[in-house]
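So you can see what is in the structure, the chains are spelled out below.
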Amino acid sequence: MPPTTSQARRDRIVHLATTTGLASVEELSQLFDVTPSTIRRDLARLTTEGRLARTYGGAMALSAHPEASLRQRTGEAYEEKRAIAQWAARQVEPGETLLLDAGTTVGALAHELCGAKELTIATTGLTALHALADAEGVHVECLGGTLRPLSQGFVGPLTEAALEHMSFDRVFLGADGVTVDRGICEADLRQTRLKELMSRRADRVYVLAHGAKLGRAPFHAWATLRKEWTLVTDTSAPDAQIRAFEARGVRVEIAPYAANPEAGA
């Protein structure tokens with residue numbers, strides 16, 4: 001089913017260009033059931049945002065330094081991320097101890113947890129720290145270390161050492177991409193190592209990834225999750241991807257959101 005919002009469509013265009021290569025205007029027009037002029041506007045915007053490179057008749061994924069900063073990613077798939085965060089927040093019970101990863105979707109979860117009571121939350125992300133700074137019912141622990149400016153998250157041996165002294169009821173991980181065969185894709189090996197260590201310290205493991213990230217492999221650093229885990233995504237996720245994860249024994253939860261289609265798009 002074609003995406004129901006222009007932002008979801010643009011996210012899918014980037015996903016297709018990243019995973020399958022060159023995307024042509026005509027093919028995209030047919031795939032999303034919109035006019036070629038709408039696709040050209042989408043490609044122009046994605047090029048301006050630095051997410052794609054224009055070619056004659058279409059677009060292709062960027063190959064040189066494709067990692068976007070956290071600030072650039074904050075506005076992407078906003079409704080999808082909020083829906084995922086709201087679903088995740090509903091799973092949390094009073095009195096639990098949580099571990100939050102860096103990233104925009106996990107940061108949205110931290111925002112949803114601001115009004116919670118009797119929680120202990122440890123995090124490696126500045127976004128989560130900022131969201132929880134004034135949360136009166138939440139005890140916050142920062143797993144400090146070396147700050148990666150692009151991801152606004154702490155990594156490295158100091159972060160890993162702090163992690164060894166705690167255990168958690170739930171861990172919520174972000175991802176640049178997630179695939180059935182390889183797991184979580186990230187731009188930095190320190191991030192993938194940390195995610196693996198984080199997953200081992202919690203009873204329940206959740207990966208928060210909106211639909212455009214499923215099947216996406218923009219980088220070459222991977223985190224393999226060796227215990228049972230739950231993929232939390234949204235209604236834009238391709239059915240084929242969902243079935244593939246479920247066939248591998250991954251529990252998939254789809255968070256619904258209220259879409260507001262762009263007029264004329």
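Coordinates for the structure precede this section.
Rules of the game
Residues numbered from 1 in each chain as written. Predicted model: local features only at pLDDT ≥ 70, side-chain atom pairs only at ≥ 80, totals over all residues. Heavy atoms only, no water. Salt bridge = Lys/Arg side-chain N within 4 Å of Asp/Glu carboxyl O. Pairing = 2+ DSSP bridges. Helix = DSSP H or I, 4+ residues; strand = E, 2+ residues; numbered from the N terminus. Axes fitted to C-alpha atoms, helices over the stretch in contact; angles between N-to-C directions. Contact = heavy atoms within 4.5 Å. Buried < 20%, exposed > 50% of the residue type's maximum accessible area, 1.4 Å probe, protein only. Parallel < 35°, antiparallel > 145°, perpendicular 65-115°, else oblique. Left-handed = near helix turned anticlockwise from the far one by under 90°. Nonpolar A, V, L, I, M, F, W, Y, C, P; charged D, E, K, R; others polar. Expected span 1.5 Å × (residues − 1). Arc of directions from axis to C-beta.

Draft legend 1. Expanded view of the pattern of salt bridges. Across all of its chains, the model carries eleven salt bridges by this definition. As a salt-bridge pair, Glu253 and Arg251 come within 2.7 Å of each other at their nearest N and O atoms. Several salt bridges converge on common partners, so that one network encompasses Arg9, Arg10 and Asp42.

Draft legend 2. How the structure looks around the sheet that holds strand S5 (residues 119–123). Judged by pairing direction, the sheet is parallel, and its seven strands sit side by side in the order S6-S5-S4-S9-S12-S14-S15 without closing on themselves. Two strands close off the open sheet at either side, each with one partner strand: strand S6 (138–142) and strand S15 (251–255). Strand-to-strand twist in this sheet, taken as the mean axis angle between neighbours without regard to direction, amounts to 20 degrees. For strand S4 (residues 97–100) and S5, the ladder comprises four bridges, and the chain directions are parallel. Across the sheet, residue Leu100 finds its bridge partner in S5, namely Thr123. With respect to the sheet, helix H5 (residues 78–91) is in contact with strand S9 (168–173), strand S12 (202–208), strand S14 (230–234) and S15, its orientation differing from that of S14 by roughly 140 degrees.

Draft legend 3. Representation of unusual backbone geometry in the model. Notably, Asp33 is not glycine yet its phi reads approximately 55 degrees, a positive angle. For Asp33, the position within the fold is in the loop between helix H2 (25–32) and helix H3 (36–48). The exposed category is assigned to Asp33, whose relative accessible area is 67%. The phi dihedral of Gln152 falls on the positive side, at around 55 degrees, and the residue is not glycine. Within the secondary structure, Gln152 is located in the loop between strand S7 (146–148) and strand S8 (153–155).

Draft legend 4. Fine view of the sheet that holds strand S11 (residues 183–186). As summarised here, the arrangement of the three strands in space is S10-S11-S13, forming an open sheet in which the pairing is antiparallel. Only two strands of the sheet have a single partner each, and these edge strands are strand S10 (177–179) and strand S13 (221–223). Taken over all neighbouring pairs, the strand axes of this sheet differ in orientation by 30 degrees on average, direction set aside. In terms of strand pairing, S10 meets S11 through three bridges, oriented antiparallel. By the bridge assignment, Val178 is partnered in S11 with Ile184. The strands touched by helix H9 (residues 189–200) are S11 and S13; relative to S13, the strand with the most contacts, the crossing angle is about 5 degrees.

Draft legend 5. View of the packing of H5 against helix H6 (residues 104–112). Where H5 contacts H6, the two axes come as close as 8 Å, and the packing angle between them is 50 degrees. The pairing of H5 with H6 is recorded here as oblique in orientation. Relative to H6, H5 is oriented so that their crossing is right-handed. Only Thr104, Thr105, Ala108, Leu109 and Glu112 of H6 make contact with H5, whose side of the interface consists of Lys81, Arg82, Ile84, Ala85, Gln86, Ala88 and Ala89. Grouping the amino acids of the contact of H5 with H6 by side-chain chemistry returns six nonpolar, three polar and three charged.

Draft legend 6. Region of the structure containing H3. End to end, H3 covers 18 Å across 13 residues, agreeing with the expected 18 Å (1.5 Å per residue, within 8%). Within H3, burial applies to Thr38, Ile39, Asp42, Leu43 and Leu46. Projection of H3 onto a plane perpendicular to its axis shows the buried side chains occupying an angular sector of 135 degrees, all on one side.

None of this, on its own, says anything about what the molecule does.
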